[in-house]
Amino acid sequence: MAIEARHINKAFGTTPVLHDVSVEVASGSLTALLGPSGGGKSTLLRVIAGLEQPDSGTVLISSNDVTRLAPQRRNVGFVFQHYAAFKHMTVFDNIAFGLQIRKRPKSEIHKRVHELLELVHLDQFAKRYPAQLSGGQRQRMALARALAVEPEVLLLDEPFGALDAQVRKELRAWLRRLHDEVHVTTVFVTHDQEEAIEVADTIVVLAGGRVEQSGSPHEVYDNPANQFVMRFLGPVTELDGRLVRPHDIELTTEPEPGSTEATVERVVRLGFEVRVEMRLGEQDAWAQVTRGLAERLGLAPGETVHVRPSSDARTLAIA
Ligand SMILES: Nc1ncnc2c1ncn2[C@@H]1O[C@H](COP(=O)(O)OP(=O)(O)OP(=O)(O)O)[C@@H](O)[C@H]1O
């Protein structure tokens, strides 16, 4: 394991923020800490980085107990949402900074910074100042700067959080590719489930200061440990007292074993997909189907349909 946080407890004043949190991060993985705002993600990341001291518990990096070590002695790279670049230094000098204070030879610094500039696709921007970069370029510079000193682990706190949706999407794909190239163990904080599913190979769901579940994106999405995780990871609807993913609902015009009668209330086209809103007795439910199926079934408001979870659907009883 590259990182092990064991039984971490942390309170700010009298407010507990992390309750007995244990997380393992495999070497070379790209792990997302995912959860709602205030769930304790940033605090856990800061405890791993050494920017916060836990009240109890242990942090190990590469099997060494670093719980009492200062951040600069933990060999971690850190990138925040709002990256504080040195404004009076060029992109090259910003990236070179960590190497310069470590008094590495000039030729080595030059070589390493140019490699990093290439890696983050900023080769043409070496002589610019941070103010002359876009937000996305600045975050890439921040990543290059964090990687320059070859940290054992890279910790990213909502690194793309302040950027607009399109740039964010591009940077997600870029982070995934970057990680495939450099394989440095990376933990990033996000409250965006789509981002976590798309980018990470492991997701740790953190809410109310507790780990709700951890596993591959596939595991947490398809095999959620509880209702909270199921609701947080993707859309859900209720069918006969169970939570189901709307794309796991089967619609037919005739009754089938285990199906329930429903009345179509609205049919909303969303490009290739169609959202079918229905009334089942006293309850509302919705299903997500392809346009082709909606057309074949002739779905329209007022029509009667029969619904049931598809045979391979994962469902959870609503307690
Ligand atoms: N330095 C601090 N002093 C007091 N309370 C704090 C401090 N830092 C965080 N908190 C509180 O701890 C709780 C968890 O915060 P944290 O930032 O870890 O959550 P988060 O999951 O990262 O949320 P977000 O996505 O909004 O950043 C919040 O209720 C927050 O107000």
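Residues numbered from 1 in each chain as written. Predicted model: local features only at pLDDT ≥ 70, side-chain atom pairs only at ≥ 80, totals over all residues. Heavy atoms only, no water.

J.: Could you give me a rundown of the environment of serine 37, with the residues and numbers involved?
T.: Summarising the element assignment, serine 37 is placed in the loop between strand 3 (30–34) and helix 1 (41–49). With 27 residues separating them along the chain, serine 37 and lysine 10 place their C-alpha atoms 17 Å apart. (Helix = DSSP H or I, 4+ residues; strand = E, 2+ residues; numbered from the N terminus.)

J.: With reference to specific residues and values, describe the pairing of strand 2 (residues 15–25).
T.: The two faces of the sheet receive side chains in turn, since in a regular strand these alternate between them. With 7 bridges connecting them, strand 1 (residues 3–12) and strand 2 associate as antiparallel partners. In the sheet register, alanine 5 faces strand 2, and the bridge partner there is valine 23. Where strand 1 hands over to strand 2, the hairpin turn is made up of 2 residues, of which glycine 13 adopts a positive phi near 60°. (Pairing = 2+ DSSP bridges.)

J.: Account for unusual backbone geometry, with residues named and values stated.
T.: The phi angle at histidine 183 is positive, at roughly 55°, despite the residue not being glycine. Following the sequence through the fold, histidine 183 ends up in the loop between helix 5 (165–182) and strand 8 (185–190). One non-glycine residue, aspartate 240, lies in positive phi territory at about 50°. Relative to the helices and strands, aspartate 240 resides in the loop between strand 11 (237–239) and strand 12 (242–244).

J.: Any chance you could break down the layout of surface pockets for me, citing the residues and the numbers?
T.: Empty space among the atoms becomes apparent when a probe as large as a water molecule is rolled across them. If you add up the space inside the largest pocket, you get close to 630 Å³. Surrounding the largest pocket, 20 residues form its lining, Val76, Gly77, Phe78, Arg145 and Val149 being those nearest its centre. Among the elements of the structure, strand 6 (76–79), helix 2 (91–101) and helix 4 (135–148) are those that each provide at least two residues to the lining of the largest pocket. When grouped by side-chain class, the residues that make up the lining of the largest pocket number 13 nonpolar, 5 polar and 2 charged. Looking at which domains feed residues into the lining of the largest pocket, each of domain 1 (3–75 + 151–228) and domain 2 (89–148) supplies at least three. (1 Å grid on protein atoms, 1.4 Å probe; cavity = no way out; pocket = protein on both sides within 12 Å on 5 of 7 lines; lining within 4 Å. Points joined across faces, edges and corners; volume = space filled by probe spheres on them. Nonpolar A, V, L, I, M, F, W, Y, C, P; charged D, E, K, R; others polar. Domains from an automatic or database assignment.)

J.: Provide a residue-level description of the pairing of strand 9 (residues 202–207), including the pertinent values.
T.: With 5 of 6 residues buried, strand 9 is to be regarded as a mostly interior element. Bridge analysis of strand 3 against strand 9 gives 4 bridges, and the strand direction is parallel. Note on strand 9: the bridge partner recorded for leucine 33 is valine 204. One ladder, built from 5 bridges, connects strand 9 with strand 10 (residues 210–215); its direction is antiparallel. Bridge pairing links isoleucine 203 to glycine 215 in strand 10. Linking strand 9 to strand 10, which pair antiparallel, is a turn of 2 residues; within it glycine 208 sits at a positive phi near 55°. (Buried < 20%, exposed > 50% of the residue type's maximum accessible area, 1.4 Å probe, protein only.)

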